[in-house]
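Spelled out, the chains give:
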Amino acid sequence: MHRPIDESGHGTGDGAGRGPVPPPYRPHPVPPVDSGGRTAPGDGVPDPGRVDPRVLGALLARHGWRRRGGAAGRYGRWTPPGSGPGGGTSLLVPDTLAFPDCEDLIGEALTALARSGTPSAREVLTGLAVPSDEIRWWSEVPTGPAGTVPWPVQEQLRSAARKILLAGALAVRGRAGYHGSRHRAAAQAALESVVVGTDPGGRALTAFLPVPPGRPVAVRLHHALHAAREAVDYQRATGGMEAFDTAVEAGVSRELTEALVALVRGTEGARVALAWAPAAGVPEGCAARPEPVEFSPGDLPALREASARYLTDEPSVPVRLTGAVVRMRRSGPRGEGRVRLRVLGGADVGHVRVTLDEEAYRTAGHAHLVGLPIRVVGRLESRGGFRRLTGASGVVPVQVDEAERDRLMKSLHENLDFLEEACEAEEER
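Residues numbered from 1 in each chain as written. Predicted model: local features only at pLDDT ≥ 70, side-chain atom pairs only at ≥ 80, totals over all residues. Heavy atoms only, no water.

## Examining the overall build of the protein
- In terms of helices and strands, the protein carries twelve helices and 13 strands.
- When contacts within the protein are restricted to residue pairs at least 6 apart in sequence, long-range pairs at least 24 apart make up 66% of them.
- Summed over its atoms, the accessible surface of the protein is roughly 21,000 Å², and 52% of this surface lies on carbon and sulfur atoms. (Helix = DSSP H or I, 4+ residues; strand = E, 2+ residues; numbered from the N terminus. Contact = heavy atoms within 4.5 Å. Areas by Shrake-Rupley, 256 points an atom, 1.4 Å probe, with all protein chains shown as cover.)

Here's what the structure looks like:
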């Protein structure tokens, strides 16, 4: 049976009778092993019988491992990033599953990865456990005294990465120069399965997007980032913003440009790279090995101008929505008043504010007291993030089934301040 090769001599003594030489790192934690010496099931390491050696090899190469020989057509010898040709622990990975000991060889390679102190080893195991597209961010920033990036700078990178992922998820839901609060809940739900790993030095960050359901987000970001780069180049060369208008169709938006500003601000430059899950193949219409997209501080004026342009140019949207009244307020016992609705249908936002005339306000108050939603027609304004409905008309209560009405009434009783406010307005009349 082949075993991972350790050429460093660790654990074999120093040749002078002084006992074993300690390894260069202390693996922590050490995964449990079965009686055969391999990683035990259930510790996050994939089942060797389900690992394609070609996928394992592709992930090792992606994360900086080097293939340094091996029997052609049988196995390859892989060494971790930064190790020399003759030093460090190496793995034996079969090229195919055509030989009897291939599964044992893969199992021992996975065990060695699980015990390795190399940061990329965990990323390889993550990519094997759940086939995932990878998005990696790098930022060029000055390092601290210990050679690491200060914590506030690391947090800036994490925050910008979250915003970029959210912008991609929003673009999957619909193309718009400015999304505001539209589709936000669905976009955030689409990112719940994303796993993030941080480079020990704080300069890089990797997000693993499981192919189902994360691939649409990765594909949209692939197109959007390249479109944003091309639009910035066009603006810097010609002074025109037309390319940003056409880039909306590729997924560029105010949310993405703001995220890129957050990524680049205070750095000497930043890069974003995508890599497809080897087990899932390359999505249609995308490059097999996309080039990293780079942005520099010189791009910030164009990105900021595009962000402002998207904010002002996005039109209001005509809607006919249904919502439950959750707040009512007006300055006196009569006249128009403001109402806050929890949207149940008709618009992809969570809540909206709407100003109603006296009759419509009274209708909304009655519906609120008996636990019924209302239907209203108007325009969802982009100002304020599509959280305000203007030109409201046609306010009528909507009948719902008993279960929904009970739920609305329960919500009403849990918010007695809203009830008291509505009652006071009615009593004063």
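Now, onward.
## Concerning the side chain of Glu255
- Mapped onto the elements, Glu255 comes out in helix α8 (residues 254-264).
- Buried charged residue Glu255 carries no salt bridge. Nearest counter-charge: Arg184, at 4.2 Å.
- Setting aside residues up to four positions removed in sequence, Glu255 forms contacts with Ala167, Leu170, Gly177, Tyr178, His179, Gly180 and Arg184. (Buried < 20%, exposed > 50% of the residue type's maximum accessible area, 1.4 Å probe, protein only. Lys, Arg positive; Asp, Glu negative; His and termini not counted. Salt bridge = Lys/Arg side-chain N within 4 Å of Asp/Glu carboxyl O.)

## Some words on the packing of aromatic side chains
- A full pass over the atoms with the stated rule returns two aromatic pairs.
- Seen from their ring centres, Tyr178 and Phe386 are 5.9 Å apart, and the 40° between their planes marks the pair as tilted. Taken as a pair, Tyr178 in the loop between α4 (151-173) and α5 (184-190) and Phe386 in the loop between β12 (374-381) and β13 (388-397) lie far apart in primary sequence, 208 residues in all.
- Note on Phe386: relative accessible area 0%, which makes it buried.
- An angle of 80° between the planes, with centres 6.4 Å apart, marks the rings of Phe244 and Tyr310 as edge-to-face. One end of the pair, Phe244, is in helix α7 (residues 242-247); the other, Tyr310, is in helix α9 (residues 300-313), and 66 residues separate them in sequence.
- You can call Phe244 buried: its relative accessible area is 0%.
- You can call Tyr310 buried: its relative accessible area is 4%.
- Here Arg254 stacks its cationic end above the ring of Tyr178, 5.8 Å away from the centre of that ring. (Phe/Tyr/Trp six-rings, centres within 6.5 Å; stacked < 30°, edge-to-face > 60°. Lys NZ or Arg CZ within 6 Å of the ring centre and 35° of its normal.)

## Overview of the pattern of salt bridges
- Applying the stated criterion across every chain yields a total of 18 salt bridges.
- The partner of Arg215 in a salt bridge is Asp133, and the shortest N-O contact between them spans 2.7 Å. With Arg215 in helix α6 (residues 211-238) and Asp133 in strand β4 (residues 132-139), this residue pair connects regions lying 82 residues apart in the sequence.
- Residue Asp133 is classed as buried on the basis of its relative accessible area, which comes to 1%.
- Close ionic contact of Arg383 with Glu381 constitutes a salt bridge, the shortest N to O distance being 4.0 Å.

## Observations concerning the pairing of strand β6 (residues 204-210)
- Counting buried residues along β6, seven of its seven residues qualify, which places the element largely inside the surrounding structure.
- Going residue by residue along β6, you find Ala204, Thr206, Phe208 and Pro210 tucked away on one face and Leu205, Ala207 and Leu209 tucked away on the opposite face as well.
- With seven bridges joining them, β4 and β6 adopt antiparallel strand pairing. Within β6, the position partnered with Arg136 by the bridge is Thr206.
- Relative to β6, strand β5 (residues 195-198) runs antiparallel, the two being bridged by four bridges. Paired with Val196 across the strands is Ala207, a residue of β6.
- From the end of β5 to the start of β6, which pair antiparallel, there are five residues, and Gly202 there has a positive phi angle of about 85°. (Pairing = 2+ DSSP bridges.)

## A closer look at helix α3 (residues 119-129)
- When we look at burial in α3, the residues that qualify are Ser120, Ala121, Glu123, Val124, Leu125, Gly127 and Leu128.
- Close packing links the buried residues of α3 with α1 (53-62), α2 (102-115), β4 and β6.

## Thoughts on unusual backbone geometry
- Residue Pro213 is bonded to the preceding Pro212 through a cis peptide linkage, with omega at 10°.
- For Pro213, the position within the fold is in helix α6.
- Of note in this structure, His183 is not a glycine but carries a positive phi near 65°.
- Assignment of secondary structure puts His183 in the loop between α4 and α5.
- Its relative accessible area of 17% is what places His183 among the buried residues.
- The backbone phi angle of Phe386 is positive, close to 60°, even though this residue is not glycine.

## A word on the packing of α4 against α8
- Packing of α4 against α8 leaves a shortest axis separation of 8 Å and a crossing angle of 165°. By the angle between their axes, α4 is roughly antiparallel relative to α8. For the pair α4 and α8, the sense of crossing is left-handed. Contact residues: Gln156, Leu157, Ala160, Lys163, Ile164, Ala167 and Leu170 in α4; Glu255, Leu256, Ala259, Leu260, Ala262 and Leu263 in α8.
- In terms of residue class, the contact of α4 with α8 is made up of ten nonpolar, one polar and two charged. (Axes fitted to C-alpha atoms, helices over the stretch in contact; angles between N-to-C directions. Parallel < 35°, antiparallel > 145°, perpendicular 65-115°, else oblique. Left-handed = near helix turned anticlockwise from the far one by under 90°. Nonpolar A, V, L, I, M, F, W, Y, C, P; charged D, E, K, R; others polar.)

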